[in-house]
Amino acid sequence: MEFDQLIIGLAGVIATASPIVFAVLGETLTERAGVINLSVNGMILLTAMSGFAVAATTGSVLLGFAAGMLIGALVGAVVAFTSITLRQSQVAIGFVLALMTRDLAYYLGSPFTGQNGPRVPPAPIPLLSDIPVVGPLFFDHDLVVYLSFILIAVTYLWLFRTAPGLVLQGVGERPASAYVRGVDVNRQRYFYTILGGALVGLAGPAYSLSIKAGWQGTISGLDGIGWIALAITIFGGWNPLRAATGAYFFALLQWLSLVLQPVLTGIPSQVLQVAPFPLMILTLLLVNFGSTEWVRRRLSALPEDQRRAVNALIRRLNVSPPSALGTNFRKQ
Amino acid sequence: MQVEFRNIHKRFGSVHANKGITLNIPGGCIQGLLGENGAGKSTLMKVLSGFITSDEGEILLDGRAVTIPSPAGAIEQGIGMLHQDPLDFPPLRVLDNLLIGGRRGLIPDRRAALKALKEIEAQFGFSLDPDAYVDTLTVGERQQLELIRLLWLGARVLILDEPTTGISAPQKVKLFAALRKLSAEGRTIIFVTHKLEEVYQLCHRAAVLRAGALVAEIEPPYHTENFINAMFGGEIPTPPRQPPPTTAPLLALKGVTVEDARLQVGPIDLTVKAGEVIGLAGMEGSGQDLLLRLCAGLLRPTGGEIALGGRALQNATYHQFLRNRVKFMPADRMTEGLVAGLSLTEHFALNAEVHGFFINYKQAEQTAVERIAEYSIRGFPESPVESLSGGNQQRTLLALLSAPLHLLLLEHPTRGLDLESAVYIWKRLKERARSDGTAILFISSDLDEVLQYSDRVLVFFAGRASVPLSAMQTSVEELGLLIGGVPLETARSTAGMHQPEALSR
Ligand SMILES: Nc1ncnc2c1ncn2[C@@H]1O[C@H](COP(=O)(O)OP(=O)(O)OP(=O)(O)O)[C@@H](O)[C@H]1O
Ligand SMILES: [Mg+2]
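Anyway, here's the lowdown on the structure attached to this text. (Residues numbered from 1 in each chain as written. Chains lettered and ligands numbered in written order. Predicted model: local features only at pLDDT ≥ 70, side-chain atom pairs only at ≥ 80, totals over all residues. Heavy atoms only, no water.)

Assigned secondary structure in chain B consists of 18 helices and 21 strands. The C-alpha atoms of chain B give a radius of gyration of 24 Å, which matches the 23 Å a tight globule of 505 residues would have. Seen through its C-alpha atoms, chain B measures out along the principal axes to roughly 70 × 55 × 50 Å. Taking the contacts inside chain B whose residues are at least 6 apart along the sequence as the reference set, 65% of them involve residues at least 24 apart. When the accessible surface of chain B is split by element, carbon and sulfur atoms take 53% of a total near 21600 Å². (Helix = DSSP H or I, 4+ residues; strand = E, 2+ residues; numbered from the N terminus. Rg over C-alpha atoms; globule rule 2.2 N^0.38 Å. Contact = heavy atoms within 4.5 Å. Areas by Shrake-Rupley, 256 points an atom, 1.4 Å probe, with all protein chains shown as cover.)

In structure tokens:
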């Protein structure tokens, strides 16, 4: 493969990852607050369809994205209301909504299937896009991709560098402690479930108006991505940077399985197509390997300073979910 | 700040937890609050700290009636509560813990928090690493962190609910020094405890609750019988010591070593007779907890042999240990021992010897009624376990240990229990040991308890165990020295003991 081709391929990886980035960032925020929104898969389909429908009808891409975010926020609000106010199981609600929103997307979307519609125009950034290698990789995309970069940074900074972000971490870890400190736990949960929903709602239009422009009904090829996004949220340890890395990694695996098809002729193409999924799980295992009893035992034999360093590394890699994830909070 | 309770009533369903409590606490005073398990101490403190609202009555601060709608509202009024299980954020760093819910604003002011941390630490001789993760701290250090946070937020009344149960002796000394200093500055401190000697050491005055009512206010000079009479309505005879059993050996450890990420323990040689009670003393995390988990089958030894009744168990699974009638009772009763959300009846149903496919609720309820009476648990068969007071949860755990056992392993069996309950529970345990031949190994940080109820004592220091000491021939002073790492010979001469007689191994 030529070097240029490689760069173009990798730029494609970065672009195709951006909807997944939106979804994992949204889900990361929601789960950080202690709520699981399992309906991501259906939400992506529903917002892809409605984003496209609105954009095609009005001719405005911007309105398409606004519609996606609004619907995402609405689904988030339903999850929040049923799980926080009505105290129903978040898992059950999530599954039902995942199926409902998916079927709704296919049903309501049928008039728009295969239609032509507007798409987000490419917007190479002047000067920056001319830099060799870096330019085509990062600065020769459309606004959707740039937005994904910005949101990664904003979410990360919000979570780890601001006071409200610190409160968010606390709410997901130990709501009782947050409550004692005067935090309205349930209001926080509502807020981040709706905000997270709105971010997931960006993912759909990002597909239907940019990455895979158009709406093709059941053959849009979007079904399943939401489930991967949920896995990546976990793989990312509820950290926006790591979650984004996971999204890029997954897009990379998908691209590799495509470009390697002609090279690895011995392997059936179906195997290559599904390979990204088990590979993702394997990576997850490797990342969490450090916390196993076996490794800890071996470590205790190391001299003190080395052990410290290794322990610090493991601590960084090791992920543990927000302790209050999926639970209800009652005062007292 | 002066705190006054006027006629506080609180009912939980049919339980009348506070029955018209009227108590006036002058500013700058360290007020002790005592009472048997379930007397209503925590309830009263939760009313003051805004966790629950009283059904009747009012609270006055410096003579001004106030309403305290929430814990955050309490801290605004200057009332801060230190919970027994510190309400902090274990996976976050020390500094972040201070910052959450602190001053508002978008960017947290780390520098100000760090400065406050250092200042308050300097006052009390605490030293916490601001970048350390809270889950790497000891309970005592987490308590210090909470104290710092409350002071930073301007608390002028501090409530401490059984603060000394999980902390080491040096940490307790530090805590007491800090509390004295705070009271000298004019802050009011309410100190809930079961330990009379802590009241004697620390408190300017004490109040006793019983069955929800205030029954006595006691001022120095303190007399133990006044407290005991007020709390329990009479004396509590401590059972007389019995000579150690002379039965056949039951549990044999030969050169056993065990380790976790932090500590290597052993080699330990120990033979325990049937019906013998062995106390394990030592600073928290010196290896005694690993030995207990090893004997429970929760940890595999890295070397050596374990035999129970002649059967080798060093490679056995936890399940095989259970089948050999070994039972472990961990210290953390709510997370490891009891299931939150299940009622007493359901616990007895889970615990039933014969498991059918369907639950025999009628029988389970009957068992529950019997055991509630037998162990005088303050609760009903349908009460969810988390609504029980701490002491009653402990009684429940013991009541669940019905089947005959060979080996019983206990971690802090009387932590959080009032004196009467502790004596009662040990009476039951001793009966078990003597009549069924159950060998008991237990950890306790209360050296008086270790001496009073063990036949022999093992002292742990940094993963090494002392030779088993006969409880008759050692003393609290000697144990204290051994816990601090002083070698046995030195400890013996320092503690002024006679030459040890031949120690049985
Ligand atoms: N949330 C609740 N729901 C129902 N009953 C409760 C609740 N909280 C406390 N109780 C009951 O109120 C009574 C007083 O409990 P409280 O926790 O105040 O006792 P305590 O004096 O702190 O005891 P301990 O020394 O064991 O901690 C107990 O009978 C307890 O079962
Ligand atoms: Mg209590």
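Here the narrative resumes, following the displayed structure.
The full set close to ligand 1 counts 19 residues, and Asn37, Gly38, Lys41, Ser42 and Thr43 of chain B are the nearest of them. Site remark: ligand 1 is flanked by residues from chains A and B. At 3.5 Å from an oxygen atom of ligand 1 is found a side-chain nitrogen or oxygen belonging to glutamate 162 of chain B. Histidine 194 of chain B has a polar side-chain atom sitting 3.0 Å from an oxygen atom of ligand 1. Here ligand 1 loses 84% of its free accessible area of 640 Å² to cover by the protein chains. Every element with two or more residues in the shell around ligand 1 is listed here: β2 (15–25), α1 (41–48) and α14 (390–399) of chain B. Residues that form the shell around ligand 1 fall into these classes: five nonpolar, eleven polar and three charged. (Near = heavy atom within 4 Å. Polar contact = N/O pair within 3.5 Å; in protein donor to acceptor, adjacent residues only side chain to side chain. Nonpolar A, V, L, I, M, F, W, Y, C, P; charged D, E, K, R; others polar.)

Using the criterion set out here, one finds 15 aromatic pairs over all chains in the structure. Note on tyrosine 156 of chain A and phenylalanine 160 of chain A: the rings are 5.1 Å apart at their centroids and 55° apart in plane angle, and the pair reads as tilted. With tyrosine 156 of chain A and phenylalanine 160 of chain A both in helix α6 (residues 143–161) and four residues apart, the pair spans about one turn of that helix. According to the relative accessible area criterion, phenylalanine 160 of chain A is buried, its value standing at 19%. An aromatic cluster is present here, built from Phe138, Phe139 and Phe149 of chain A joined pairwise through their rings. Here the guanidinium or amino end of arginine 428 of chain B rests over the ring plane of tyrosine 375 of chain B, the centre of that ring lying 4.5 Å away. (Phe/Tyr/Trp six-rings, centres within 6.5 Å; stacked < 30°, edge-to-face > 60°. Buried < 20%, exposed > 50% of the residue type's maximum accessible area, 1.4 Å probe, protein only. Lys NZ or Arg CZ within 6 Å of the ring centre and 35° of its normal.)

Leu158 and Phe227 of chain B are the most contacted members of the largest nonpolar core, which totals 104 residues. Broken down by element, this core gets its largest block of residues, seven residues, from helix α15 (residues 419–436) of chain B. Counting only domains with at least three residues in this core, you end up with domain 1 (3–232) and domain 2 (249–325 + 404–504) of chain B. Phenylalanine 227 of chain B has contacts with Leu34, Leu196, Val199, Tyr200, Ala206, Val208, Ile218 and Tyr222 of chain B, leaving out every residue within four places of it along the chain. Membership of the second largest hydrophobic core comes to 69 residues, among which are Val79, Leu222, Ala229 and Leu230 of chain A. (Core = buried A, V, L, I, M, F, W, Y, C linked by side-chain atoms within 4.5 Å. Domains from an automatic or database assignment.)

Turning our attention to the interface of chain B and chain A. Interfaces are often described in size by the accessible area the parts lose on coming together. Residue-level contacts link 36 residues of chain B with 24 residues of chain A. Interface area, chain B with chain A, both sides summed: about 2600 Å², of which 59% is carbon and sulfur. Joining chain B to chain A, the criterion identifies two salt bridges. Along the contact surface separating chain B from chain A lie six residue pairs in polar contact (both at pLDDT 80 or more). (Buried area = accessible area lost by both parts, 1.4 Å probe. Salt bridge = Lys/Arg side-chain N within 4 Å of Asp/Glu carboxyl O.)

Moving on: the pattern of salt bridges. A full pass over the atoms with the stated rule returns 23 salt bridges over all chains. The residue arginine 110 of chain B makes a salt bridge to aspartate 96 of chain B at a minimum N-O spacing of 2.9 Å. Of this pair, arginine 110 of chain B sits in helix α4 (residues 110–124) while aspartate 96 of chain B sits in helix α3 (residues 94–99), and the two are 14 residues apart along the sequence. Residue classification places aspartate 96 of chain B among the buried residues on the basis of a relative accessible area of 10%. Taking the shortest distance from any N to any O, the salt bridge between arginine 428 of chain B and glutamate 374 of chain B comes out at 2.5 Å. Placement of arginine 428 of chain B in helix α15 and of glutamate 374 of chain B in helix α13 (residues 361–374) is noted, with a sequence separation of 54 residues between them. Each of Arg102, Asp103 and Asp223 of chain A takes part in a single network of salt bridges with overlapping partners.

Our focus in this paragraph is unusual backbone geometry. All names here are of chain B. Cis geometry marks the peptide bond from proline 220 to proline 221, where omega comes out at 0°. Following the sequence through the fold, proline 221 ends up in the loop between β10 (213–218) and α8 (224–232). The phi angle at alanine 462 is positive, at roughly 45°, despite the residue not being glycine. Within the element layout of this structure, alanine 462 appears in the loop between β19 (456–461) and β20 (464–465). On the basis of relative accessible area, alanine 462 is assigned to the partly exposed category, the value being 46%.

Read these as geometric descriptors, not functional statements.
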